[in-house]
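Coordinates in review
As a plain string of letters, each chain reads:
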Amino acid sequence: MRDFLPAEKARRERVLAVIRERYRAHGFDEIETPVMEEYARLHAGIGGDNEKLAFNVLKRGLEPDAIRAAADDPAALTDLGLRYDLTVPLARFYASHRGELPGVFRSVQIAPVWRAERPQKGRYRQFVQCDIDIVGDASARAEAELATATLDTLDALGLEGGSIRINDRRVLDWMLASFGFTEDERPGVLITIDKLDKLGPQGIVDELAGRGASPEAVEAFRAFLFRPQTREYNPFGERQIRKALPEGAPDEIVAHLVGIGEAVAAARDADDIPLVFDPFLVRGMGYYTGTIFELAHPSVSYSLGGGGRYDGMIGRFLGQDVPAVGFSIGFERIVDLLEAGVDAAASAVVLVHDRDMPTRELLALKAALVAEGSRVRLEHRTKNLKALLERAEADGYTAFATVSAGVARDDIEIKPLG
């Protein structure tokens, strides 16, 4: 959990403003949910490994004897927890307010979440997520809207050239079944497949064999991984998808993925669809039921966001299934990629004044500059003026002026910093 100095905070807010503006332009409406949810909801078996990282909140008023008696049962000690993502709160929100929302609801949530991660570079215990979700639309249009809004937002942030890796959990399940993995084996097999980038094909085969998976299934999978392949470029579409899968992939699912690509291409008016089919994209969250995505950019090897379809989650709270799909931009990773920049909408001026300058005159000058649209900071003149101005520039100020008693607004000479 981190503190942010003024310049970094301003930088983060500028990025958030761009993200909010782009999401709003694509028809998404921002909501807000509490930072805490009920313990049972956060530990309902739909959050994957993140459930193990939840910060739980001790029940109020517990006596020491009761705490000792229930020391081995977290559910008896806690009734609330800090949210570890924004999808579980959205499902609860929609179930609670469905009657007040449109039939197809497009939501934005931009807020902090908490996970008890082991602190290390790029992993924080408190971080901001930027989620867009579409609830109530089971068609490929929903995925295409999310992909288009996400890529448009990346472009607006100055990170052109992004693409989206895409797969479908139903394709993964069909593929594993075609190799011969039993239904009970498949969750563990997916965990192993998710390490393909790190372990490589042979490493995946070795780990599956070491897990005790069905030998015939492991051999069938090995044969598929090492099958002869021609080196050819295929843009996103049916040919790319079918060439990446075993024979006989379900037509309905392939058509759904192709439809997403066609819609994204039309929206971006581009011949080259910025989607890449990846049959081994897994995404770790247990609630995904269909399409899954990851956001990629050529400047980095890691993903900048991801998401997927989770049609079964809201039904747990509502009692009936509601289609839903979401995409989350990795805000912390994106902020680190962007240059600090300055706010071009207004000048930022430091007024360096003598200590004996009358307060009424000083504030009148400041008010005049603020009225003109400038951001203004007041600073006492110091012996080391250079250090003062360097600090102001680091905080995002672009200009300065020195003033003394009796000076009028028209007499102020504003000079650029740097």
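Shown above is the structure to which this text applies.
The structure reproduced in this document is the subject of the present report. Since the model is a prediction, treat every value here as computed from it, not as a measurement.

1. Remarks on the environment of glutamate 145
Relative to the helices and strands, glutamate 145 resides in helix 6 (residues 140-156). On a C-alpha basis, the gap between glutamate 145 and glutamine 120 in space is 34 Å, while along the polypeptide they are 25 residues apart. Beyond its immediate sequence surroundings of up to four residues, glutamate 145 is in contact with His26, Arg106 and Ile134.

2. Some details on the packing of helix 6 against helix 12 (residues 251-268)
Between helix 6 and helix 12, the least distance of the axes is 8 Å, while the angle of their chain directions is 40°. In terms of orientation, helix 6 and helix 12 fall into the oblique class. Helix 6 and helix 12 meet at a crossing whose hand is right-handed. Contacts from Ala140, Glu143, Ala144, Ala147, Thr148, Leu151, Asp152 and Asp155 of helix 6 reach helix 12 at His256, Gly259, Ile260, Ala263, Val264, Ala267 and Arg268. Of the residues in the contact of helix 6 with helix 12, the class split is eight nonpolar, three polar and four charged.

3. Brief notes about the sheet that holds strand 5 (residues 105-114)
A sheet is described by the order of its strands in space; here eight strands give the open sequence 1-5-6-11-10-9-7-8, paired in mixed fashion. Both edges of this open sheet fall to strand 1 (29-30) and strand 8 (275-277), since each of them pairs with a single strand only. As defined by bridge partners, strand 7 (residues 163-168) adjoins strand 9 (residues 291-296) across six bridges and the pair is classed as antiparallel. Directly across from aspartate 168, in strand 9, lies its bridge partner threonine 291. Against the sheet, helix 1 (residues 6-25) touches strand 1, strand 5, strand 6 (126-135) and strand 11 (324-329), its axis set at about 5° to strand 6. Each of strand 5, strand 6, strand 7, strand 9, strand 10 (305-309) and strand 11 touches helix 6; the most contacted strand, strand 11, lies at about 10° to it.

Thresholds applied
Residues numbered from 1 in each chain as written. Predicted model: local features only at pLDDT ≥ 70, side-chain atom pairs only at ≥ 80, totals over all residues. Heavy atoms only, no water. Helix = DSSP H or I, 4+ residues; strand = E, 2+ residues; numbered from the N terminus. Contact = heavy atoms within 4.5 Å. Axes fitted to C-alpha atoms, helices over the stretch in contact; angles between N-to-C directions. Parallel < 35°, antiparallel > 145°, perpendicular 65-115°, else oblique. Left-handed = near helix turned anticlockwise from the far one by under 90°. Nonpolar A, V, L, I, M, F, W, Y, C, P; charged D, E, K, R; others polar. Pairing = 2+ DSSP bridges.

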